[in-house]
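Structural features, examined
Chain by chain, the residues run as shown.
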Amino acid sequence: MSGDAWRVVDTGLRPAAENMALDRALLEARQAGESPNTLRFLQFEPAALVGYHQDVARELHLEYCAAQGIAVQRRITGGGAIYFDPAQLGWELFLDRHGLGTADMAAIAARICNAAAAGLQALGVAARFRPRNDIEVDGRKISGTGGVFDGEALMYQGTLLIDFDVEKMLRVLRIPAEKLTRRAIASARERVVNLRELLGSLPPLDDVKAALTRAFAEAFGVDMAPAQLNDNEQRRYRGALAELDTREWVYQPERVYPPQTTRQGMHRCDGGLIYANVVFEPAARLLRQVWFHGDFFVSPRRLVADMEAALRNTPLADLRATLAGCFAARAAHGIGLGADDFATAVENAVAAAPAPAAPSCGEASHAD
Amino acid sequence: MGTVKGCELPEDLYYHIDGNVWARRREDGSLDVGMTAYACSLAGQIVSFTPRKIGKTVRQDKSCGTVESGKWVGPVKAPVNGEIVAVNDAVVADPGLINRDPYGAGWVVRLQPSNWEEDRASLLTGAAALDAFAARMDADGFGGC
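What you see is a predicted model; the values in this text were computed from it and never measured.

Along the backbone of chain A there are 13 helices and 17 strands. Taken over C-alpha atoms, the radius of gyration comes to 21 Å for chain A, in line with the 21 Å a tight globule of 368 residues would show. Each principal axis of the C-alpha atoms in chain A carries an extent, and together these give about 65 × 45 × 40 Å. Considering only contacts in chain A between residues 6 or more positions apart, those separated by 24 or more positions represent 70%. Carbon and sulfur atoms provide 50% of the accessible area of chain A, an area that totals close to 15200 Å². In chain A, 40 positive and 46 negative side-chain charges are present, and the distance between their average locations comes to 3 Å.

This paragraph deals with the environment of N114 of chain A. When you line up the elements, N114 of chain A lands in helix α4 (residues 105-122). The sequence separation of N114 of chain A and R30 of chain A amounts to 84 residues, and the corresponding C-alpha distance is 23 Å.

Within a sheet, adjacent strands bond to each other through the backbone by hydrogen bonds, running parallel or antiparallel. Residue and element names in this part refer to chain B. The strand order across the open sheet built from seven strands is β7-β10-β11-β5-β4-β3-β12, with neighbouring strands paired in antiparallel fashion. Looking at strand neighbours, the two that pair on one side only are β7 (57-58) and β12 (124-125), the edges of this open sheet. Bridge count between strand β5 (residues 31-35) and strand β11 (residues 109-113): three bridges; the pairing is antiparallel. The residue bridging L31 from the neighbouring strand is L111, located in β11.

On average, residues of chain A score 92 in pLDDT, and 95% of them reach the 70 mark or higher. Within the model, pLDDT remains below 50 along residues 357-368 of chain A, and this stretch shows 16 contacts once partners closer than five positions in the same chain are excluded.

Residues and elements named next belong to chain A. When cut into domains, chain A gives domain 1 (5-251) and domain 2 (261-351). Between domain 1 and domain 2, the C-alpha centre-to-centre distance is 27 Å. Between domain 1 and domain 2, the contact holds 15 residues from the first and 20 residues from the second. Interface area, domain 1 with domain 2, both sides summed: about 1400 Å², of which 47% is carbon and sulfur. Here domain 1 and domain 2 share four salt bridges between them. The closest approach of N and O atoms between E308 and R191, which form a salt bridge, is 2.5 Å. Taken together, domain 1 and domain 2 are joined by eight residue pairs in polar contact (both at pLDDT 80 or more).

A few words now on the pattern of salt bridges. In the structure shown here, the tally under the stated rule is 30 salt bridges over all chains. Here R171 of chain A and E167 of chain A are joined by a salt bridge, their closest N and O atoms 3.2 Å apart. Of this pair, R171 of chain A and E167 of chain A both sit in helix α5 (residues 166-172), four residues apart, roughly one helical turn. On the accessibility criterion, R171 of chain A (15% relative accessible area) is buried. Of the charged contacts, one joins K53 of chain B and E254 of chain A as a salt bridge, the two residues approaching to 3.1 Å between their closest N and O atoms. One end of the pair, K53 of chain B, is in the loop between β6 (46-51) and β7; the other, E254 of chain A, is in the loop between α10 (247-251) and β12 (261-269), on a second chain. Using a relative accessible area of 59% as the deciding quantity, one classes E254 of chain A as exposed. Shared partners join several salt bridges into a network, and the residues in it are E136, R302, D306 and R330 of chain A.

Here we take up helix α5 (residues 126-140) of chain B. Residues and elements named next belong to chain B. Taking 1.5 Å as the rise per residue, α5 with 15 residues should run 21 Å; its terminal C-alpha atoms sit 21 Å apart, in good agreement. Every buried residue of α5 is accounted for by G126, A129, L130, F133, R136, M137 and D140. For α5, the angular spread of the buried residues around the axis is 125°, confining them to a single face. The outward face of α5, more than 90 degrees from its buried face, is lined by the exposed residues A127, D131, D138 and A139. On the buried face of α5, the contacting elements are β1 (3-4), β2 (7-8), β3 (14-16), α1 (37-43) and β12. A positive backbone phi angle near 65° is found at G141, which sits one or two residues after α5.

As a further point, take the sheet that holds strand β13 (residues 272-281) of chain A. All names here are of chain A. Sheet architecture is open: four strands sit in the order β12-β13-β14-β16, paired in antiparallel fashion. With partners counted over all chains shown, the strands left at the sheet margins are β12 and β16 (314-315), one partner each. Along the sheet, helix α13 (residues 339-351) makes contact with β12, β13 and β14 (286-295), crossing β12 at roughly 140°.

Evaluated as defined, the whole model comprises 14 aromatic pairs over all chains. Through a chain of ring-to-ring contacts, three or more aromatic side chains come together here, namely F292, F296, F327 and F342 of chain A. Lying across the ring of W107 of chain B, R110 of chain B places its NZ or CZ 4.7 Å from the centre.

All names here are of chain B. Per the counting criterion, the structure on display carries one disulfide over all chains. The residue that forms a disulfide with C7 is C145, at a sulfur-sulfur distance of 1.9 Å. Across the disulfide from C7 to C145, rotation about the S-S bond amounts to roughly 100°, and the bridge is consequently right-handed. You can see C7 sitting in strand β2 and its partner C145 sitting in the segment after α5, a full 138 residues away along the chain. Free of any disulfide, C64 has its nearest neighbouring cysteine sulfur in C40, separated by 14 Å.

The next thing to look at is the side chain of R191 of chain A. Residues and elements named next belong to chain A. Relative to the helices and strands, R191 is located in the loop between α6 (182-189) and α7 (195-199). On the basis of relative accessible area, R191 is assigned to the buried category, the value being 11%. A distance of 2.7 Å separates a polar atom in the side chain of R191 from a polar atom in the side chain of S187.

Between chain A and chain B, the contact holds 39 residues from the first and 24 residues from the second. Regarding the contact of chain A and chain B, the summed buried area is about 2400 Å², with carbon and sulfur atoms giving 55% of it. The interface formed by chain A and chain B contains two salt bridges. With a closest N to O distance of 3.2 Å, K77 of chain B and D150 of chain A form a salt bridge. Where chain A meets chain B, there are 15 residue pairs in polar contact (both at pLDDT 80 or more). Mapped onto the side of chain A that touches chain B, the elements with two or more residues apiece are α4, β9 (140-150), β10 (153-161) and β14 of chain A. Among the elements that take part in the side of chain A that touches chain B, β9 of chain A stands out by supplying seven residues, more than any other. Its residues assigned to classes, the side of chain A that touches chain B shows 18 nonpolar, 13 polar and eight charged.

Thresholds, definitions, all that
- Residues numbered from 1 in each chain as written.
- Chains lettered and ligands numbered in written order.
- Predicted model: local features only at pLDDT ≥ 70, side-chain atom pairs only at ≥ 80, totals over all residues.
- Heavy atoms only, no water.
- Helix = DSSP H or I, 4+ residues; strand = E, 2+ residues; numbered from the N terminus.
- Rg over C-alpha atoms; globule rule 2.2 N^0.38 Å.
- Contact = heavy atoms within 4.5 Å.
- Areas by Shrake-Rupley, 256 points an atom, 1.4 Å probe, with all protein chains shown as cover.
- Lys, Arg positive; Asp, Glu negative; His and termini not counted.
- Charge placed at Lys NZ, Arg CZ, Asp CG, Glu CD.
- Pairing = 2+ DSSP bridges.
- pLDDT = per-residue confidence, 0-100.
- Domains from an automatic or database assignment.
- Buried area = accessible area lost by both parts, 1.4 Å probe.
- Salt bridge = Lys/Arg side-chain N within 4 Å of Asp/Glu carboxyl O.
- Polar contact = N/O pair within 3.5 Å; in protein donor to acceptor, adjacent residues only side chain to side chain.
- Buried < 20%, exposed > 50% of the residue type's maximum accessible area, 1.4 Å probe, protein only.
- Expected span 1.5 Å × (residues − 1).
- Arc of directions from axis to C-beta.
- Axes fitted to C-alpha atoms, helices over the stretch in contact; angles between N-to-C directions.
- Phe/Tyr/Trp six-rings, centres within 6.5 Å; stacked < 30°, edge-to-face > 60°.
- Lys NZ or Arg CZ within 6 Å of the ring centre and 35° of its normal.
- Disulfide = S-S within 2.5 Å.
- Nonpolar A, V, L, I, M, F, W, Y, C, P; charged D, E, K, R; others polar.

Here it is as structure tokens:
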């Protein structure tokens, strides 16, 4: 792509529905050849966003969102539910697949994530791409990503945590963590990190955008120039907003979602006690999400986050090999436990009787 | 069984090369539609599938369902104009079927073509399809299934 010019569009702070509609409009316009390749920055008024294929009621505490004025929206990209507020920066690339040198979707994601990580490194943060879709700093997630393609056009987007309210996230998302206790909040904090925490102060937003812009320009060998949305995009945006700013789009009442179970498994071994909270799809034998906690010691500590990331959307049949791979990749060790012990905890969760309905956040004890 | 760069591409099927989908004509004239082994290789493990609804009319090259893999969402393109007359519920429940058996149990929707005799001209089959996929794989920089 050397010599090409990409456009940089900053659409500022907006409600979630407007941001989703702009995603749709810019992707359509790119596919129709009405727009150049584009880097977009965006920010959100408080919002809970589910992935394209997710069930809103399954993923979010809707009563809490309603009470707090948190918008609920559905992305056009894949991946899991996230909480977004003005303390995060969104970045997005709208590209033609030609010129990327590959049609392999995982390779495209890796290339984009490596570029974003380089941008964060320029800010003085040891950010790295963690397969399949995260950017992390020493095992803690700082940017989650996802994409959508149609024909030759693609859009790939990421969140960047500038600052972050972990407790609020736990109240908004139905993640299979421990109940909402101080310990659960501390446990969640170990899994995410933000720029303010890493840098010691809030970095100027313009500096962050400039660093990301330079990194994408360098990674793809292009020049970047600020621009506004064109008339076709504005027209497409109005149409998209009319479709997406609706209950039909957000809740998709006619969709059928494969059954899921959320269960906890326990495994006691010489090294201690491992709990695995597991979201599982029985028909597909697919692990959707795993959350480990308990009393055990592993080194490096980031291994827990590595294992959880590696098990996202993984067939149960691949469980043991996946965890063994995590241990091997980090030359990791535990005291009195190994990869198979974590696998056993997950298998016990899959085999367990259904968990009793979890209390909602409002009912959950704050005592630890 | 045809094979290009290690990807199975049965020569008796009709292919929409740009959409990377296949169609198999049934006795009643309807078409089973699915993703090619090549499309599966580019996507990786498929974890969600949402078909468009039975009774919906779809235009050629437009989406008759969406799949998700590795947090990427993408369409399964209709190879011809037609109406969706069946969806594969087994694939909705277990989308990995598409990866495991793309030309059999992993079919995704059944279309009743509205103008088969005309639309089939834009599809390729047999050796011509294999040649077209070989060219596309080269253009895509594809290493092999």
